[in-house]
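Take a look at the letters that make up each chain.
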Amino acid sequence: MTLDETDRRILNRLQDGFPITERPFAQVAEEFGIPEDDLIARLEAMKEARVITRFGPFFDAAAMGGAFCLCAMAVPEEEFDAVAEKVNAHPEVAHNYARTHRLNMWFVLATESEAEIAQTAERIEQETGIAVLQFPKLQEFFIRFRVAA
Amino acid sequence: MKLDTIDRSIITATQSGLPLVPQPYAQIATDLGLDEAELRARMQAMQESGIIRRIAVAPNHYKLGMTANGMSVWDVEDARIAELGQQVGNLDFVSHCYERPRALPDWPYNLFAMIHGSSRDEVETLRSEIAALLGDACRGGDILYSTRILKKSGLRLRQQKG
(Lines give C-alpha, C1' and ligand atoms only; values in the text may rest on other atoms or scores of the structure.)
Protein backbone atom coordinates (compact mmCIF):
# COMPACT_ATOMS: atom_id res chain seq x y z
CA MET A 1 0.00 0.00 0.00
CA THR A 2 1.27 3.49 -0.83
CA LEU A 3 0.37 6.16 1.69
CA ASP A 4 -0.63 9.55 0.38
CA GLU A 5 -0.19 12.84 2.18
CA THR A 6 -3.63 12.62 3.82
CA ASP A 7 -2.94 9.09 5.12
CA ARG A 8 0.29 10.34 6.67
CA ARG A 9 -1.43 13.29 8.30
CA ILE A 10 -4.08 10.94 9.69
CA LEU A 11 -1.43 8.61 11.11
CA ASN A 12 0.42 11.48 12.74
CA ARG A 13 -2.72 13.12 14.10
CA LEU A 14 -4.36 9.98 15.45
CA GLN A 15 -1.34 8.97 17.52
CA ASP A 16 -2.21 11.91 19.76
CA GLY A 17 -5.73 10.89 20.61
CA PHE A 18 -9.28 10.40 19.46
CA PRO A 19 -12.39 12.08 20.87
CA ILE A 20 -15.03 10.33 22.94
CA THR A 21 -18.02 11.92 21.25
CA GLU A 22 -21.09 10.77 19.33
CA ARG A 23 -19.54 11.18 15.87
CA PRO A 24 -15.79 11.14 16.52
CA PHE A 25 -14.77 10.28 12.95
CA ALA A 26 -16.83 13.17 11.57
CA GLN A 27 -15.13 15.48 14.05
CA VAL A 28 -11.60 14.37 13.10
CA ALA A 29 -12.42 14.27 9.37
CA GLU A 30 -13.36 17.91 9.59
CA GLU A 31 -9.81 18.77 10.71
CA PHE A 32 -8.53 17.27 7.45
CA GLY A 33 -11.30 18.68 5.30
CA ILE A 34 -12.38 15.23 4.15
CA PRO A 35 -15.73 13.44 4.49
CA GLU A 36 -16.33 11.12 7.46
CA ASP A 37 -16.68 8.04 5.26
CA ASP A 38 -13.37 8.81 3.52
CA LEU A 39 -11.56 8.88 6.90
CA ILE A 40 -13.15 5.58 7.90
CA ALA A 41 -12.25 4.01 4.52
CA ARG A 42 -8.64 5.17 4.85
CA LEU A 43 -8.36 3.75 8.36
CA GLU A 44 -9.85 0.47 7.16
CA ALA A 45 -7.37 0.28 4.28
CA MET A 46 -4.40 1.05 6.56
CA LYS A 47 -5.56 -1.56 9.05
CA GLU A 48 -6.01 -4.07 6.25
CA ALA A 49 -2.49 -3.34 4.96
CA ARG A 50 -1.20 -3.60 8.56
CA VAL A 51 0.18 -0.06 8.51
CA ILE A 52 -2.00 0.38 11.59
CA THR A 53 -1.57 -2.41 14.10
CA ARG A 54 -4.30 -1.23 16.42
CA PHE A 55 -6.79 1.58 16.75
CA GLY A 56 -8.58 2.09 20.05
CA PRO A 57 -8.03 2.68 23.74
CA PHE A 58 -4.61 1.94 25.24
CA PHE A 59 -4.99 0.78 28.79
CA ASP A 60 -2.59 1.18 31.67
CA ALA A 61 -2.26 -2.47 32.54
CA ALA A 62 -1.10 -1.79 36.09
CA ALA A 63 -3.99 0.62 36.75
CA MET A 64 -6.42 -2.16 35.82
CA GLY A 65 -4.98 -4.24 38.64
CA GLY A 66 -2.23 -6.77 38.44
CA ALA A 67 1.52 -6.79 38.78
CA PHE A 68 4.23 -6.64 36.14
CA CYS A 69 7.94 -7.18 36.26
CA LEU A 70 10.75 -7.20 33.72
CA CYS A 71 13.09 -10.11 34.39
CA ALA A 72 16.40 -11.25 32.93
CA MET A 73 18.50 -14.41 32.92
CA ALA A 74 22.01 -15.26 31.80
CA VAL A 75 21.44 -18.49 29.90
CA PRO A 76 24.35 -20.59 28.58
CA GLU A 77 24.11 -20.69 24.77
CA GLU A 78 23.82 -24.48 24.58
CA GLU A 79 20.84 -24.50 26.95
CA PHE A 80 19.13 -21.48 25.43
CA ASP A 81 16.27 -23.14 23.54
CA ALA A 82 15.49 -25.59 26.31
CA VAL A 83 15.38 -22.79 28.89
CA ALA A 84 13.23 -20.63 26.59
CA GLU A 85 10.75 -23.47 26.37
CA LYS A 86 10.59 -23.85 30.15
CA VAL A 87 10.19 -20.10 30.69
CA ASN A 88 7.56 -19.67 27.97
CA ALA A 89 5.52 -22.56 29.36
CA HIS A 90 4.46 -20.27 32.22
CA PRO A 91 1.27 -18.39 31.30
CA GLU A 92 2.55 -15.53 33.48
CA VAL A 93 5.29 -14.86 30.91
CA ALA A 94 3.74 -12.21 28.65
CA HIS A 95 6.64 -11.72 26.28
CA ASN A 96 10.17 -12.89 26.02
CA TYR A 97 13.09 -11.63 23.92
CA ALA A 98 16.58 -12.91 23.20
CA ARG A 99 19.00 -9.99 23.56
CA THR A 100 22.66 -9.27 22.93
CA HIS A 101 24.22 -9.31 26.41
CA ARG A 102 25.47 -11.75 29.01
CA LEU A 103 21.93 -11.38 30.38
CA ASN A 104 20.53 -12.76 27.14
CA MET A 105 16.92 -13.61 27.96
CA TRP A 106 14.49 -10.81 28.91
CA PHE A 107 10.85 -11.40 29.70
CA VAL A 108 7.91 -9.71 31.37
CA LEU A 109 5.90 -11.43 34.08
CA ALA A 110 2.26 -10.38 34.39
CA THR A 111 0.37 -11.70 37.40
CA GLU A 112 -2.57 -10.89 39.63
CA SER A 113 -0.43 -9.87 42.61
CA GLU A 114 3.14 -8.91 43.58
CA ALA A 115 3.45 -12.16 45.54
CA GLU A 116 2.84 -14.17 42.39
CA ILE A 117 5.68 -12.36 40.61
CA ALA A 118 8.13 -13.63 43.22
CA GLN A 119 6.59 -17.11 43.19
CA THR A 120 6.78 -17.42 39.41
CA ALA A 121 10.36 -16.15 39.32
CA GLU A 122 11.27 -18.67 42.00
CA ARG A 123 9.62 -21.52 40.11
CA ILE A 124 11.55 -20.60 36.95
CA GLU A 125 14.79 -20.56 38.97
CA GLN A 126 14.04 -24.02 40.35
CA GLU A 127 13.15 -25.45 36.93
CA THR A 128 16.17 -24.02 35.14
CA GLY A 129 18.80 -23.67 37.87
CA ILE A 130 19.47 -20.12 36.62
CA ALA A 131 18.98 -16.93 38.63
CA VAL A 132 16.08 -14.72 37.57
CA LEU A 133 16.98 -11.05 38.07
CA GLN A 134 13.96 -8.85 38.66
CA PHE A 135 13.72 -5.28 37.39
CA PRO A 136 10.35 -3.88 38.49
CA LYS A 137 9.69 -0.33 37.39
CA LEU A 138 10.43 2.22 40.11
CA GLN A 139 9.44 5.21 38.05
CA GLU A 140 7.89 5.62 34.63
CA PHE A 141 8.76 8.70 32.64
CA PHE A 142 6.24 10.44 30.43
CA ILE A 143 6.83 9.68 26.76
CA ARG A 144 6.45 11.85 23.66
CA PHE A 145 7.34 9.09 21.24
CA ARG A 146 5.51 9.21 17.90
CA VAL A 147 6.21 7.29 14.74
CA ALA A 148 6.59 9.90 12.01
CA ALA A 149 4.50 8.81 9.03
CA MET B 1 -10.55 4.85 40.51
CA LYS B 2 -12.22 1.54 41.29
CA LEU B 3 -13.36 -0.42 38.26
CA ASP B 4 -16.72 -2.16 38.46
CA THR B 5 -18.07 -5.01 36.35
CA ILE B 6 -19.45 -2.65 33.71
CA ASP B 7 -16.08 -0.85 33.34
CA ARG B 8 -14.41 -4.21 32.97
CA SER B 9 -16.89 -5.28 30.30
CA ILE B 10 -16.06 -2.04 28.42
CA ILE B 11 -12.34 -2.79 28.65
CA THR B 12 -12.89 -6.31 27.36
CA ALA B 13 -15.09 -5.08 24.50
CA THR B 14 -12.57 -2.45 23.33
CA GLN B 15 -9.27 -4.26 23.96
CA SER B 16 -8.95 -5.33 20.37
CA GLY B 17 -9.92 -1.88 19.06
CA LEU B 18 -12.77 0.47 18.24
CA PRO B 19 -15.17 -0.44 15.42
CA LEU B 20 -14.63 1.65 12.28
CA VAL B 21 -18.20 2.92 11.99
CA PRO B 22 -19.55 6.48 12.21
CA GLN B 23 -20.80 5.96 15.78
CA PRO B 24 -18.32 3.53 17.35
CA TYR B 25 -19.36 4.23 20.95
CA ALA B 26 -23.03 3.69 20.15
CA GLN B 27 -22.16 0.33 18.64
CA ILE B 28 -20.15 -0.81 21.66
CA ALA B 29 -22.93 0.39 23.96
CA THR B 30 -25.50 -1.62 22.00
CA ASP B 31 -23.29 -4.71 22.12
CA LEU B 32 -23.02 -4.38 25.90
CA GLY B 33 -26.65 -3.41 26.47
CA LEU B 34 -25.65 0.02 27.81
CA ASP B 35 -26.82 3.51 27.16
CA GLU B 36 -24.37 5.31 24.83
CA ALA B 37 -24.10 8.37 27.07
CA GLU B 38 -23.23 6.18 30.04
CA LEU B 39 -20.62 4.29 28.04
CA ARG B 40 -18.96 7.51 26.93
CA ALA B 41 -19.07 8.94 30.46
CA ARG B 42 -17.40 5.81 31.80
CA MET B 43 -14.71 5.87 29.11
CA GLN B 44 -14.14 9.56 29.81
CA ALA B 45 -13.74 8.80 33.52
CA MET B 46 -11.29 5.98 32.78
CA GLN B 47 -9.30 8.34 30.56
CA GLU B 48 -9.21 11.03 33.23
CA SER B 49 -8.00 8.59 35.87
CA GLY B 50 -5.29 7.23 33.55
CA ILE B 51 -6.70 3.72 33.11
CA ILE B 52 -7.14 4.62 29.46
CA ARG B 53 -3.85 6.31 28.53
CA ARG B 54 -5.28 7.51 25.29
CA ILE B 55 -7.46 6.40 22.42
CA ALA B 56 -5.21 6.35 19.41
CA VAL B 57 -3.71 4.66 16.40
CA ALA B 58 -0.72 2.39 16.87
CA PRO B 59 1.21 2.51 13.60
CA ASN B 60 3.31 -0.42 12.53
CA HIS B 61 6.91 0.79 13.07
CA TYR B 62 8.28 -1.63 10.52
CA LYS B 63 5.90 -0.61 7.73
CA LEU B 64 6.89 3.02 8.30
CA GLY B 65 10.60 2.28 8.07
CA MET B 66 11.43 2.21 11.78
CA THR B 67 13.00 -1.20 11.63
CA ALA B 68 15.71 -0.98 14.27
CA ASN B 69 15.35 -0.70 18.02
CA GLY B 70 17.55 -1.20 21.01
CA MET B 71 17.11 -1.20 24.77
CA SER B 72 19.61 1.38 26.00
CA VAL B 73 20.53 1.19 29.69
CA TRP B 74 22.36 3.72 31.83
CA ASP B 75 23.93 4.03 35.25
CA VAL B 76 22.63 7.42 36.35
CA GLU B 77 23.31 9.17 39.64
CA ASP B 78 20.32 8.49 41.91
CA ALA B 79 19.99 12.13 42.89
CA ARG B 80 19.48 13.16 39.27
CA ILE B 81 17.49 10.31 37.80
CA ALA B 82 14.05 11.92 38.18
CA GLU B 83 15.10 15.01 36.27
CA LEU B 84 17.24 13.28 33.63
CA GLY B 85 14.86 10.35 33.15
CA GLN B 86 12.13 12.79 32.22
CA GLN B 87 14.42 14.55 29.74
CA VAL B 88 15.23 11.22 28.10
CA GLY B 89 11.51 10.33 28.02
CA ASN B 90 10.84 13.58 26.19
CA LEU B 91 13.08 12.58 23.26
CA ASP B 92 10.83 11.73 20.34
CA PHE B 93 12.73 8.53 19.47
CA VAL B 94 12.34 6.97 22.95
CA SER B 95 9.23 4.79 23.27
CA HIS B 96 9.61 3.57 26.86
CA CYS B 97 11.62 5.07 29.68
CA TYR B 98 11.82 3.65 33.19
CA GLU B 99 13.86 3.79 36.34
CA ARG B 100 14.51 0.24 37.54
CA PRO B 101 16.62 -1.14 40.39
CA ARG B 102 20.25 -2.06 39.77
CA ALA B 103 21.27 -5.68 40.33
CA LEU B 104 24.83 -5.33 41.54
CA PRO B 105 27.41 -6.52 40.73
CA ASP B 106 26.01 -7.93 37.46
CA TRP B 107 23.93 -4.99 36.46
CA PRO B 108 24.84 -1.40 37.36
CA TYR B 109 22.14 0.25 35.22
CA ASN B 110 19.07 2.01 36.63
CA LEU B 111 17.66 3.85 33.59
CA PHE B 112 16.11 1.93 30.69
CA ALA B 113 15.20 3.76 27.47
CA MET B 114 13.95 2.00 24.34
CA ILE B 115 15.34 3.68 21.19
CA HIS B 116 13.76 3.41 17.73
CA GLY B 117 15.36 4.28 14.41
CA SER B 118 15.52 3.31 10.77
CA SER B 119 18.81 1.43 11.10
CA ARG B 120 21.24 0.11 13.70
CA ASP B 121 23.55 3.03 12.81
CA GLU B 122 20.82 5.54 13.46
CA VAL B 123 20.03 3.88 16.80
CA GLU B 124 23.71 4.20 17.76
CA THR B 125 23.69 7.89 16.83
CA LEU B 126 20.55 8.47 18.91
CA ARG B 127 22.15 6.58 21.75
CA SER B 128 25.08 9.01 21.74
CA GLU B 129 22.56 11.86 21.96
CA ILE B 130 21.28 10.33 25.20
CA ALA B 131 24.85 9.91 26.48
CA ALA B 132 25.50 13.59 25.79
CA LEU B 133 22.28 14.59 27.54
CA LEU B 134 23.14 12.53 30.63
CA GLY B 135 26.68 13.93 30.70
CA ASP B 136 28.68 13.39 33.87
CA ALA B 137 25.60 12.23 35.85
CA CYS B 138 26.06 8.95 33.99
CA ARG B 139 28.77 6.48 34.95
CA GLY B 140 28.26 4.10 32.06
CA GLY B 141 25.81 2.58 29.65
CA ASP B 142 25.12 -0.27 27.29
CA ILE B 143 22.63 -1.22 24.61
CA LEU B 144 20.88 -4.54 24.13
CA TYR B 145 19.47 -5.43 20.74
CA SER B 146 16.79 -8.06 20.46
CA THR B 147 17.83 -10.94 18.24
CA ARG B 148 14.67 -13.07 18.52
CA ILE B 149 11.15 -12.81 19.85
CA LEU B 150 10.78 -15.93 21.96
CA LYS B 151 7.19 -15.25 23.04
CA LYS B 152 4.67 -12.52 22.51
CA SER B 153 1.19 -12.70 23.94
CA GLY B 154 -0.94 -9.62 24.46
CA LEU B 155 -1.60 -8.56 28.01
CA ARG B 156 -5.13 -9.58 28.70
CA LEU B 157 -7.42 -8.41 31.44
CA ARG B 158 -7.57 -11.12 34.03
CA GLN B 159 -10.71 -12.34 35.70
CA GLN B 160 -11.31 -10.40 38.86
CA LYS B 161 -11.12 -12.49 42.00
CA GLY B 162 -13.69 -12.08 44.78
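The structure this text deals with has already been given above.
Position numbers for residues count from 1 along each chain, tracking the sequence in the order it is written. Just so you know, chain letters begin at A and ligand numbers begin at 1, following the order they were written in. With the structure being a predicted model, the display of local features is reserved for residues of pLDDT at least 70 and the display and counting of side-chain atom pairs for 80 or more, all residues being used for whole-chain, interface and lining totals. To get the side-chain values, take all heavy atoms of the structure and skip hydrogens and water.

### Some details on the overall build of chain A
Along the backbone of chain A there are five helices and six strands. Helical segments are the DSSP runs of H or I of at least four residues, strand segments are the runs of E of at least two, and each set is numbered from the N terminus. Ordering the α and β elements of chain A from the N terminus gives α-α-α-β-β-α-β-β-α-β-β. Throughout, radius of gyration means the C-alpha value; the globule benchmark is 2.2 Å times the number of residues raised to the power 0.38. The C-alpha radius of gyration computed for chain A amounts to 21 Å, which surpasses the reference 15 Å derived for 149 residues by more than 25%, pointing to a less compact arrangement than a globule. In terms of principal-axis extent, the alpha carbons of chain A reach across some 60 × 30 × 25 Å. A 1.4 Å probe rolled over the protein chains alone gives each residue an accessible area, and that area as a share of the maximum for its type sets the label: buried under 20%, exposed over 50%, partly exposed in between. Looking at chain A as a whole, 50% of its 149 residues qualify as buried. Sequence-distant contacts, at least 24 apart, represent 60% of the contacts inside chain A between residues at least 6 apart. Here the accessible surface of atoms and residues is derived via Shrake-Rupley with a 1.4 Å probe, and residues count as covered only by protein chains that are part of the display. Element-wise, carbon and sulfur atoms account for 49% of the exposed surface of chain A, whose accessible area totals about 7000 Å². Between the mean site of the 15 positive side-chain charges and the mean site of the 26 negative ones, chain A shows a separation of 5 Å. Whether two residues touch is decided by their heavy atoms; if any such pair falls within 4.5 Å, the residues are in contact. Asp and Glu are treated as the negative residues and Lys and Arg as the positive ones, with His and the ends of the chain left uncounted. Positions of charges follow a simple convention, taking NZ of Lys, CZ of Arg, CG of Asp or CD of Glu.

### With respect to the overall build of chain B
Along the backbone of chain B there are five helices and five strands. Written out in order from the N terminus, the α and β elements of chain B read α-α-α-β-β-α-β-β-α-β. For 162 residues, the compact-globule estimate of 2.2 N^0.38 gives 15 Å, and chain B exceeds it by more than 25% at 20 Å. Across its three principal axes, chain B shows a C-alpha extent of roughly 55 × 35 × 30 Å. Looking at chain B as a whole, 47% of its 162 residues qualify as buried. Positive and negative side-chain charges in chain B, numbering 19 and 20 respectively, have mean positions lying 9 Å apart.

### Quick notes on helix α2 (residues 24-32) of chain A
Residues and elements named next belong to chain A. Within the sequence span of α2, burial applies to Pro24, Phe25, Val28, Ala29 and Phe32. Take α2 and look down its axis: the buried residues cluster within an arc of 125°, on one side only. At the C-terminal side of α2, Gly33 shows a positive phi close to 65°. The reported arc concerns the directions from the helix axis to the C-beta atoms and nothing else.

### Quick word on the pattern of salt bridges
A pair is scored as a salt bridge if a Lys or Arg side-chain nitrogen falls within 4 Å of a carboxyl oxygen belonging to Asp or Glu. If you walk through the whole model with that rule in mind, you get 19 salt bridges over all chains. Between Arg42 of chain A and Asp7 of chain A there is a salt bridge, with the nearest N and O atoms lying 2.8 Å from each other. Placement of Arg42 of chain A in helix α3 (residues 36-48) and of Asp7 of chain A in helix α1 (residues 5-14) is noted, with a sequence separation of 35 residues between them. You can call Asp7 of chain A buried: its relative accessible area is 5%. Note that Arg127 of chain B and Glu124 of chain B form a salt bridge whose closest N and O atoms lie 3.0 Å from each other. Of the two residues, Arg127 of chain B and Glu124 of chain B are both situated in helix α5 (residues 120-134); the distance of three residues between them amounts to about one turn of the helix. Given a relative accessible area of 30%, Glu124 of chain B falls into the partly exposed group. Among the charged side chains, a network of salt bridges with common partners joins Asp4, Asp7, Asp38 and Arg42 of chain A.

### A closer look at the nonpolar core
Buried Ala, Val, Leu, Ile, Met, Phe, Trp, Tyr and Cys residues form a nonpolar core when they are joined through side-chain atoms within 4.5 Å. Of all hydrophobic cores here, the largest spans 63 residues; its most connected members are Leu43 of chain A together with Ile130 of chain B. The contact partners of Leu43 of chain A, leaving out residues within four places of it in the chain, are Ile10, Leu14, Phe25 and Ile52 of chain A together with Leu20 and Val57 of chain B. Residues Val75, Val83, Val87 and Val132 of chain A belong to the second largest nonpolar core, which totals 20 residues.

### A short note on the pairing of strand β1 (residues 52-59) of chain A
Burial of β1 of chain A is extensive: six of the eight residues sit out of reach of the surface. A pair of strands is considered paired only if DSSP assigns at least 2 bridges between the two. Inspection of the sheet shows β1 of chain A paired to strand β1 (residues 52-59) of chain B by seven bridges, in the antiparallel sense. Across the sheet, residue Pro57 of chain A finds its bridge partner in β1 of chain B, namely Ile55 of chain B.

### With respect to the packing of aromatic side chains
Aromatic rings from Phe, Tyr and Trp, taking only the six-membered ring of Trp, are treated as a pair when their centres fall within 6.5 Å; an angle between ring planes under 30 degrees marks them as stacked, one over 60 as edge-to-face, and anything in between as tilted. Enumeration according to the criterion identifies ten aromatic pairs over all chains in this entry. Aromatic pair Phe18 of chain A and Phe25 of chain A: ring centres 4.9 Å apart, planes at 55°, arrangement tilted. Phe25 of chain A matches Phe18 of chain A in its accessibility class, with the two residues each being buried. A positively charged side chain is recorded as over a ring if its NZ (Lys) or CZ (Arg) lies within 6 Å of the ring centre. The angle to the ring normal must also be within 35 degrees. If you follow Arg99 of chain A out to its NZ or CZ, it ends over the ring of Tyr97 of chain A, 5.3 Å from the centre. Lying across the ring of Tyr98 of chain B, Arg100 of chain B places its NZ or CZ 4.6 Å from the centre.

### Examining the environment of Ser113 of chain A
Residues and elements named next belong to chain A. In this fold, Ser113 is placed in the loop between β4 (105-111) and α5 (114-128). Residue class for Ser113 comes out partly exposed when judged on its relative accessible area of 26%. Separated by 47 residues in the primary sequence, Ser113 and Gly66 have C-alpha atoms spaced 5.5 Å apart. Within the local environment of Ser113, its side chain forms a polar contact with the side chain of Glu116, the two groups lying 2.8 Å apart. Residues adjacent in sequence count toward polar contacts only when both atoms are side-chain atoms; beyond that, a polar contact is any pair of N or O atoms within 3.5 Å, and within protein one must be able to donate a hydrogen and the other to accept it.

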